[in-house]
Amino acid sequence: MSEMSVGSIITNVEFLCAEEAVSKIPNKARMMVGGFGRSGIPEYLLETMIETTEIDGLTIISNNISEGSNLHHLFMLGRIKKAIGTYYTTSKEVVKAYRENRIEIELLPQGTLSEALRLGGSGIPAFYTPTSAGTELAKNKESRMFNGREYVLEESLTAKVALVRAHKADRAGNLIYRKSARNFNPLMAMAADLTIVEVDEIVEMGELDPEQIVTPFIFVDVVVERGREND
Amino acid sequence: MSEMSVGSIITNVEFLCAEEAVSKIPNKARMMVGGFGRSGIPEYLLETMIETTEIDGLTIISNNISEGSNLHHLFMLGRIKKAIGTYYTTSKEVVKAYRENRIEIELLPQGTLSEALRLGGSGIPAFYTPTSAGTELAKNKESRMFNGREYVLEESLTAKVALVRAHKADRAGNLIYRKSARNFNPLMAMAADLTIVEVDEIVEMGELDPEQIVTPFIFVDVVVERGREND
Amino acid sequence: MTDLTVKRYIAWRAAQELQAGVVNLGIGIPTLVADYLSPGLVTLHSENGILGVGPSPVPEDEDPDLINAGKAPVTIQPHSSFFDSSLSFAMMRGGHLDATIIGALQVAANGDIASWAIPGKDVLGVGGAMDLVVGAKRVIVATTHVTPKGEPKILSKCKYPLTAKGRVDTIITEYAVFKIRQSKLYLVEKVEEISFEDLNQITEAPYEIGGNFKTVVREELMHALS
Amino acid sequence: MTDLTVKRYIAWRAAQELQAGVVNLGIGIPTLVADYLSPGLVTLHSENGILGVGPSPVPEDEDPDLINAGKAPVTIQPHSSFFDSSLSFAMMRGGHLDATIIGALQVAANGDIASWAIPGKDVLGVGGAMDLVVGAKRVIVATTHVTPKGEPKILSKCKYPLTAKGRVDTIITEYAVFKIRQSKLYLVEKVEEISFEDLNQITEAPYEIGGNFKTVVREELMHALS
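Criteria and cut-off values
Residues numbered from 1 in each chain as written. Chains lettered and ligands numbered in written order. Predicted model: local features only at pLDDT ≥ 70, side-chain atom pairs only at ≥ 80, totals over all residues. Heavy atoms only, no water. Axes fitted to C-alpha atoms, helices over the stretch in contact; angles between N-to-C directions. Helix = DSSP H or I, 4+ residues; strand = E, 2+ residues; numbered from the N terminus. Parallel < 35°, antiparallel > 145°, perpendicular 65-115°, else oblique. Contact = heavy atoms within 4.5 Å. Nonpolar A, V, L, I, M, F, W, Y, C, P; charged D, E, K, R; others polar. 1 Å grid on protein atoms, 1.4 Å probe; cavity = no way out; pocket = protein on both sides within 12 Å on 5 of 7 lines; lining within 4 Å. Points joined across faces, edges and corners; volume = space filled by probe spheres on them. Phe/Tyr/Trp six-rings, centres within 6.5 Å; stacked < 30°, edge-to-face > 60°. Buried < 20%, exposed > 50% of the residue type's maximum accessible area, 1.4 Å probe, protein only. Pairing = 2+ DSSP bridges. pLDDT = per-residue confidence, 0-100. Buried area = accessible area lost by both parts, 1.4 Å probe. Salt bridge = Lys/Arg side-chain N within 4 Å of Asp/Glu carboxyl O. Polar contact = N/O pair within 3.5 Å; in protein donor to acceptor, adjacent residues only side chain to side chain.

Trainee: Requested: an account of the packing of helix α1 (residues 3-15) of chain C against helix α6 (residues 218-225) of chain C, with residues and values cited.
Mentor: Residues and elements named next belong to chain C. With their axes 11 Å apart at the nearest point, α1 and α6 run at an angle of 85 degrees to one another. In terms of axis orientation, α1 runs roughly perpendicular to α6. For the pair α1 and α6, contact is made by Thr5, Arg8, Tyr9 and Trp12 and by Arg218, Leu221, Met222 and Leu225, respectively. Looking at the contact of α1 with α6 residue by residue, the classes come out as five nonpolar, one polar and two charged.

Okay, structure coming up:
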């Protein structure tokens, strides 16, 4: 292999406008959505999806469905069939929909969710965790003793699509995040067949420190710059 | 809580000279040692341990025992009783010692080793991996089908001590690494009761970018600056 | 004593349990603990990926990308780091946190804790509580002694769904401090303002008097506090 | 044909299988593949924690902290990143690598591969081979057709301990290219320099002729290569 200039490197990552990106999401998809609270949610992708597609029947894997977010908007439009996450109590509308059987909810402890995502992206299908052992959440789950302590068998999570919020991408598709907006985003990026990322800014290759890249481009499929009509 | 100046923050991390640091290692300890090839090995800590202690009967968890390293020196002194790792074929002396029953060896696939370390430090005692399923390495291990594919149950790894090589530490004990010397080091830092780290340089708090810290100080017990007699 | 004064006393008393180390504070009374911790000696962990949480910012410095687990804007400190949720819960589950201070609906004499669900109500939120309680080296429950309706919260057995079994180390209320050792409850501190008779009335769980038992005068402590 | 020429031909032919994507190259012949990959279109992964491995440095630029999985000094590229071994193997095991090109001691018609141990000898090294073979989207074996002693390596069943079961997609030797589909071996390319009779003699495994079978002239290809 010979030395090459920056411009001559091309990866499999696509750089698209939001509308093109979300058009790749299949209907009734199982889809991961990053974010904790209102921080690190891919709002621009969700907004574009709401406005430009008719996708519904979604299964959403996300820590919660925050009121005021576009994920909540998507839910209010009746386009979410099932939610897998840790905390839905804060949205009265989600609680109401659950009582009226309009949404199915699968509740996981937050540490189980985060590890299930990371291991889902790592080819590990299941793991034992001490969390929830002996509680109602483990009622229908296998458990097993290791060194005299009880652990619950949890299956890892994968999905067709992940919508991810990052801070910057380089032209290869490498990602860095910003402060506590990182949360579940790098884990979901690893765990989906189609990882679509929204970023504040796209920079040239070489501008991100190789020691500092959090998500190497191998986990990324599509990058969208926020508010950019086309690339 | 009020605003505070840099100097007023104190963590539980100790800053010691190498001799004080290695004096904390118990005899016959189960000990992790970072490094891949000759890169990222805590050579200074190992050298100090060889010269200033009589610790022996060690169980070493390390990818390999590289010829020319102080870990190999420790082995040649007969102070390693058992080795858990992935690749020992490159050292004729290790192979010879194994044949003469002078060392016990437990062989793991490298991906199993790395995940067992990370999960060992994460409170997950066991996990299923596709790696080695149907091979001799899985002969005495449980296996189980998930979605029609066979997976092997592997137990995670923890240890009394980890000797870790990093590039820089700040005065809180946060760590960054250098290039491919990172390898197993951040994983081992998480997985031991006593994590002793050797660094090229200790910097003030605030000098490491909070986005760039690879090992937060919570995983670190002792930091030693290479070649520094005392602190 | 106002509700807030009670809460502040409990928070202050809980803070006295922590000399140094890394702590995760739950929502409610535990959030107030931050105000009373030794500055610079205790580092706060937030499960959404921050080690070294600083105080609340002035409004003009608020950053939507810098919030704590309670979704409130925070700041960072010179030794802070950011990481993903997986590493954050590795810290918790892996036993790396020195302590957590959390609220509870019910605590049992054997260390069981119930803090996330009420029987008969929909259970739609668990968050990070289970990992926190299962993983922290020391679980300190900071709670009012009884519910708003006056029902005991310290019980011989939890009636609500458990968060974790046998993990509570210390219980701190406005009237007392209990330690749990080998699944047994010990009273180690009582405020002079309550009699043993009254304390027994609001404490359903049986307890023994701990070896280092002492009585404190809450009014004096609160005076020093304000 | 010298040994090196044979090896270079195999490496060149293997490189033709890869138009773009991320690839991990094993030790031996696969290492040579790097010389023939489309510049800029294929990114190399190294299991010790590098994505975007560049060419060997000039001696004065060697850095002991920048080596590949074969422990040789390397360089990085403008899109490179460093990470720990756990994330590196997550890439492999999690199915994120487009392909791996590796050597083998034996390959079976059903896609089984044996590459790490010989019966009767001490088994003291496995490294990352098992994770690589189990995880890469496509496993391409690049090997001489027979052992140095002239024994067939493409067998109806592996006799040596397996690295993984049923994972091989393509086999490339100096004489032929085979594809494995639904546990069956198909010959898709043969060099004109060997007759079917001779090929059958050194190929213990039964095979069928693939739909797109073609014959190539190795001498011509090698001429273009040099």
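Trainee: Give a description of empty space enclosed by the protein that names residues and reports values.
Mentor: Tallied over the entire structure, the rule returns seven cavities of 30 Å³ or more. For the largest cavity, the calculated volume is near 590 Å³. For the largest cavity, the lining is made up of 34 residues, of which Arg182 of chain A, Arg182 and Val214 of chain B, Asp84 of chain C together with Asp84 of chain D are closest to its centre. Taken together, the elements giving at least two residues each to the lining of the largest cavity come down to α6 (185-191) of chain A, α6 (185-191) of chain B, α3 (85-93) of chain C together with α3 (85-93) of chain D. Here the residues of the lining of the largest cavity are counted per class, giving 20 nonpolar, six polar and eight charged.

Trainee: Quick rundown of the environment of valine 74 of chain C? Include the residues and the values.
Mentor: Of note, valine 74 of chain C is situated in the loop between β3 (50-54) and β4 (75-82). Measuring from C-alpha to C-alpha, the distance between valine 74 of chain C and glycine 54 of chain C comes to 6.1 Å, with 20 residues separating the pair along the chain.

Trainee: I'd like to hear about the packing of aromatic side chains, residue by residue, with values.
Mentor: Residue and element names in this part refer to chain B. Summed over all chains, the structure comprises eleven aromatic pairs over all chains. Note on tyrosine 128 and phenylalanine 146: the rings are 5.1 Å apart at their centroids and 65 degrees apart in plane angle, and the pair reads as edge-to-face. Linking tyrosine 128 in strand β6 (residues 126-129) with phenylalanine 146 in strand β7 (residues 143-146), this pair joins segments that are 18 residues apart in sequence. Taken as a pair, tyrosine 128 and phenylalanine 146 share a single burial class, namely buried. With 5.8 Å between their ring centres and 70 degrees between their planes, phenylalanine 146 and tyrosine 151 make a pair best called edge-to-face.

Trainee: Could you give an account of the pairing of strand β9 (residues 159-165) of chain B, with specific residues and numbers?
Mentor: Residue and element names in this part refer to chain B. By the criterion of burial, β9 is predominantly enclosed, with six of the seven residues buried. Summarising the sheet, strand β2 (residues 30-33) and β9 pair through three bridges and their orientation is parallel. Bridge pairing links methionine 32 to alanine 162 in β9. Across six bridges, β9 lies against strand β12 (residues 192-199) in parallel orientation. Bridge pairing links alanine 162 to threonine 195 in β12.

Trainee: Tell me about the confidence of the model for chain C, and name the residues and values.
Mentor: Close inspection of predicted coordinates is inappropriate in any region flagged by low pLDDT. For chain C, per-residue confidence averages 95 on the pLDDT scale, and 100% of positions sit at 70 or higher. Overall fold confidence (pTM) sits at 0.97, and the ipTM for the predicted complex is 0.96.

Trainee: Any chance you could break down the interface of chain A and chain C for me, citing the residues and the numbers?
Mentor: Counting from both sides, the interface comprises 42 residues of chain A and, opposite them, 35 residues of chain C. At the boundary of chain A with chain C, total buried surface from both sides reaches about 3,100 Å², with 58% on carbon and sulfur atoms. Summed over the three residues of chain A that lose the most area to chain C, namely Phe36, Lys179 and Ser180 of chain A, the buried surface amounts to 18% of that side. The tally of links from chain A across to chain C stands at four salt bridges. Of the charged contacts in the structure, one is a salt bridge between arginine 178 of chain A and aspartate 63 of chain C, with a shortest N-O distance of 2.7 Å. Linking chain A with chain C are 18 residue pairs in polar contact (both at pLDDT 80 or more). For the side of chain A that touches chain C, the secondary structure elements donating two or more residues are α4 (92-99), β5 (104-107), α5 (110-120) and α6 of chain A. Tallying contributions element by element places α5 of chain A first for the side of chain A that touches chain C, with six residues. The residue inventory of the side of chain A that touches chain C, partitioned by class, reads 16 nonpolar, 17 polar and nine charged.

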